[in-house]
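# Fold and geometry: a report
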There are 2 protein chains.
Amino acid sequence: MKEIKKRSYCPISSALDIIGDKWSLLIIRDIALVNKHTYGEFLSSEEKIATNILADRLALLEWAKIIVKEPHPENKTKYNYFLSQKGIDLLPVLLDLIIWSDKYNEISKPAKEMAKQLKKDREGVLQHLTEMLKAQLKR
Amino acid sequence: MKEIKKRSYCPISSALDIIGDKWSLLIIRDIALVNKHTYGEFLSSEEKIATNILADRLALLEWAKIIVKEPHPENKTKYNYFLSQKGIDLLPVLLDLIIWSDKYNEISKPAKEMAKQLKKDREGVLQHLTEMLKAQLKR
């Protein structure tokens, strides 16, 4: 794991030191919103992350305790990745990015549906997702 | 301006195509929360952005219509940068990152104070900041 240099004691900077790139929040999205949990599943996502970048980001997110890695119950050579409480606490950021993109970017129909729900009841959606992800963590 | 490749129609991916890096949200922070508006002011921030990265990110954010550039009233060779409505609409993301870092990262005392305010009244802080930034835009 290469060392992460903390650039300042600004909270925004400190967060971006770890998740400020084009891929980390997509892995977190895959776990939180698409119910993906394995290396192969992340690799198959539409954005086509490269294997070396995926391996690098998974190691970083695990090091930062944002995700936790568990042996796959059916295949000892594979792992399942889940969000830790620290990872679950990034959900508000994901939801705000959805609301923002719904206003300014061209997005898919299912995403538009989710944005509609979010604009109606952001707190409710957040609570529902949080509970679902916490239950995965406690298994 | 190098072309931005849209990786998918996922709203999170579409947002990260533009602001998914270690610096863009720090420039947006400087304008929104630190009342900085010029190239020289951004350059002087604690994280020490390199001049070529700053120039690149300002051009990208202007191209994406997240910031607007205006001639400096007192010095025609300088510019002032403001957040557009699209930029102001990224405030929720900044505020969520502050709340998250307050919980998990070592941050400055003034940032801790702001996080305390946010946890008490996120909506109120958001509304106050939004109005302040909109007023800058309308001048």
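That block above? That's the structure.
These remarks concern the structure in this document. Bear in mind that the values here come from a model prediction, so they are computed numbers and not experimental data.

Calculation notes
Residues numbered from 1 in each chain as written. Chains lettered and ligands numbered in written order. Predicted model: local features only at pLDDT ≥ 70, side-chain atom pairs only at ≥ 80, totals over all residues. Heavy atoms only, no water. Contact = heavy atoms within 4.5 Å. Buried area = accessible area lost by both parts, 1.4 Å probe. Salt bridge = Lys/Arg side-chain N within 4 Å of Asp/Glu carboxyl O. Polar contact = N/O pair within 3.5 Å; in protein donor to acceptor, adjacent residues only side chain to side chain. Helix = DSSP H or I, 4+ residues; strand = E, 2+ residues; numbered from the N terminus. Nonpolar A, V, L, I, M, F, W, Y, C, P; charged D, E, K, R; others polar. 1 Å grid on protein atoms, 1.4 Å probe; cavity = no way out; pocket = protein on both sides within 12 Å on 5 of 7 lines; lining within 4 Å. Points joined across faces, edges and corners; volume = space filled by probe spheres on them. Core = buried A, V, L, I, M, F, W, Y, C linked by side-chain atoms within 4.5 Å. Buried < 20%, exposed > 50% of the residue type's maximum accessible area, 1.4 Å probe, protein only.

Here we come to the interface of chain A and chain B. Contacts between the two partners involve 44 residues from chain A and, on the opposite side, 44 residues from chain B. For the pair chain A and chain B, the summed buried surface comes to about 4100 Å²; carbon and sulfur atoms form 66% of the total. The largest per-residue losses of area from chain A upon contact with chain B belong to Arg-7, Ile-12 and Trp-100 of chain A, which jointly make up 18% of the total buried on that side. The interface formed by chain A and chain B holds 4 salt bridges in total. Run the count over chain A and chain B and you get 26 residue pairs in polar contact (both at pLDDT 80 or more). Mapped by element, the contributors of at least two residues to the side of chain A that touches chain B are helix H1 (11-19), helix H2 (24-33), helix H5 (85-88), helix H6 (91-104) and helix H7 (109-138) of chain A. Here the element with the most residues in the side of chain A that touches chain B is H6 of chain A; it accounts for 10 residues. Residue composition of the side of chain A that touches chain B, grouped by class: 22 nonpolar, 8 polar and 14 charged.

Vacant regions in the atomic arrangement are exposed by a probe of water-molecule size rolled over the atoms. If you add up the space inside the largest pocket, you get close to 430 Å³. Considering the residues around the largest pocket, the lining is formed by 18 residues, among which Asp-96 and Ile-99 of chain A together with Asp-89, Pro-92 and Leu-126 of chain B are closest to the centre. The class makeup of the residues in the lining of the largest pocket is 6 nonpolar, 2 polar and 10 charged.

It is worth spelling out the nonpolar core at this point. Within the largest apolar cluster, 76 residues are counted, with the highest numbers of intra-cluster contacts made by Ile-66 of chain A together with Ile-66 of chain B. Apart from residues lying up to four places away in sequence, Ile-66 of chain A is in contact with Ile-18, Ile-19, Ile-28, Leu-61, Phe-82, Leu-83, Ser-84, Lys-86, Gly-87 and Leu-90 of chain A together with Trp-100 of chain B.

The next point concerns the side chain of His-72 of chain B. Residue and element names in this part refer to chain B. With respect to the helices and strands, the residue His-72 is situated in the loop between strand S1 (67-71) and strand S2 (79-83). We classify His-72 as buried; its relative accessible area is 13%. Excluding anything up to four places from it in sequence, His-72 contacts Thr-38, Lys-78, Tyr-79 and Asn-80.

These values are about where atoms sit, not about what they do.
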